[in-house]
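Listed below, chain by chain, are the residues.
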Amino acid sequence: MRKTILIAGFATLMGTTAMAETVGVSMALFDDNFLTVLRNGIQKYADEQGVTVQIEDAQNDVAKQLDQINNFIASGVNAIIVNPVDTSATQAMSDAAAAAGVPLVYVNRQPINLDSLPDNQAFVASNEVDSGTLETIALCDNWAAEGKSEVNVYVMQGELSNQAAVQRTQDIYDVIEAGKCKVKVNVIDQQTANWSRDQAQNLMTNWLSTGTAFDGVIANNDEMAIGAIQAMKAAGIDMAAVQVGGVDATQDALAAMQAGDLDVTVFQNAAAQGSGSLNAAVALAKGEAVDQTVWVPFELVTPANVADYLSKN
C-alpha cells in the first residue's frame, strides 16, 4: 500500500540505523548552489553514519545520468539515490533499478512515475505546491502593505523539463485565481532562465530594455532572483521600489535579503532531504519497508525572520 507521511513520520525515518556499505548517488548538476548544499548534506550524514557514498555529477545530461545508474548497478552498490536531471525521464531509471533489484530513492525533484514506484523505491523532497504558494502570497502581502491595488510582474522559470519549475510557476497562477492575493497581479512576461543566475541577469536586462513599468519579479529559485537583482542594480533601479522573490534560502539569497535587495524566499531544507534520502536508501537496502513519499516542509523567509535561517543552508 502506498503511504505518504509528513514531518512526524520523517522524524521516525531519520532514526533508521544506517548499515549499508555503499550507496551510489547521481546528482543532476554539481554546479548549482542549492544542489551543492544537498550533495554536501548527503556526504556529511553518510560520514556520520558510517555509510560509503559514491557521488557522481550527471552534468545536466539525462543519458549520462542513466549511464551512472547502470554503472552503480554493475558495481554492486547496495542502493541508489537520484536527483533527476529531467523529472519526465525517471521511468527508465526506475525500470533499470527494479530489473536489477537495487533499491532507488529519488531526492528533491519529483519523478514523473511517483504514483507507480515499486516497493523498493521512494521519494524524499519538499512539496512544490507549497513553495511558489508561500512566495507569491508573501509578495502580494508586501504589495498590499505598500498601498498598491494592482501590480505588473515578471516571472522567471526554472528548467521547463523540471517538475519543480512547472509547479512553482503554476502556484503563482493558483494563488491569483484562488483570490489569495490582496492585489491584482498582471504577468507581463514569463520565460525560463534555467535556474541560472547568469541567464536570469541576461533575461532581466532584456526585459528592462523594453522600458515597461513593473512592480517586481517572481522567480522559481534564488539564483534567478539574484540574477534579476544584479541586472536591476546595474540599471540603477532602486530595489526598495520593487519586490523580488525566490525559493531555496541559499546563503547568497539570505545575504541579498540582509542587504535589502531580496524581499522573499522559501527555505528548502537540503540537510533534511539529504539525510532523509540516505536513511530511506539504507532501510530499503536492508529489506525494510519505508514510506514511499516523505515531505520535508517548506518555510517562508522574510527580513523579519531571516536571522533564524542564516546557518541552516
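Our subject is the structure that appears above.
To keep things clear, this report deals only with the structure shown in the data block. (Residues numbered from 1 in each chain as written. Predicted model: local features only at pLDDT ≥ 70, side-chain atom pairs only at ≥ 80, totals over all residues. Heavy atoms only, no water.)

### Some thoughts on unusual backbone geometry
Short version of the rule: Going along the chain from the N terminus, every DSSP run of H or I of four or more residues is numbered as a helix, and every run of E of two or more is numbered as a strand. Residue exposure (1.4 Å probe, protein chains only): buried if accessible area is under 20% of the type maximum, exposed if over 50%, otherwise partly exposed.
With a phi angle near 70°, Trp195 is a residue other than glycine that sits in the positive phi range. With respect to the helices and strands, the residue Trp195 is situated in the loop between β8 (184-192) and α7 (197-209). Classification of Trp195 as buried rests on a relative accessible area of 9%. In the Ramachandran plot, Asp248 falls in the positive-phi region, its phi being about 130° despite a non-glycine side chain. By the secondary structure assignment, Asp248 is in the loop between β10 (243-245) and α9 (251-258).

### So, empty space enclosed by the protein
Worth spelling out the cut-off: Points on a 1 Å grid over protein atoms alone make up a cavity when a 1.4 Å probe fits among them but cannot get out, and a pocket when they form an open set with protein on both sides within 12 Å along at least five of seven lines; lining residues each have an atom within 4 Å of a point. Grid points are joined across faces, edges and corners, and a volume is the space filled by probe spheres set on the points.
Scanning all chains against the criterion turns up one cavity of 30 Å³ or more. Roughly 150 Å³ of internal volume is contained in the largest cavity. Contributing to the lining of the largest cavity are 17 residues, with Phe34, Asn108, Arg109, Trp195 and Asp248 lying nearest its centre. Those elements that provide at least two residues to the lining of the largest cavity are α2 (33-49), α6 (163-177) and α8 (222-234). Broken down by element, the lining of the largest cavity gets its largest block of residues, three residues, from α2.

### What to know about the sheet that holds strand β9 (residues 216-219)
To be explicit about the condition: The pairing criterion for strands is at least two bridges between them, as found by DSSP. Helix axes are fitted to C-alpha atoms over the stretch in contact, other axes to C-alpha atoms as well, and angles between N-to-C directions run from 0 to 180 degrees. The contact criterion used is simple: two residues touch if any of their non-hydrogen atoms lie within 4.5 Å.
Judged by pairing direction, the sheet is parallel, and its four strands sit side by side in the order β8-β7-β9-β10 without closing on themselves. Looking at which strands have only one partner, the edges of the open sheet turn out to be β8 and β10. The sheet shows a mean angle of 20° between the axes of neighbouring strands, direction not considered. For strand β7 (residues 150-157) and β9, the ladder comprises four bridges, and the chain directions are parallel. The residue of β9 that forms the bridge with Val153 is Gly216. Running over the sheet, α6 touches β7, β8 and β9 and is turned about 170° from β8.

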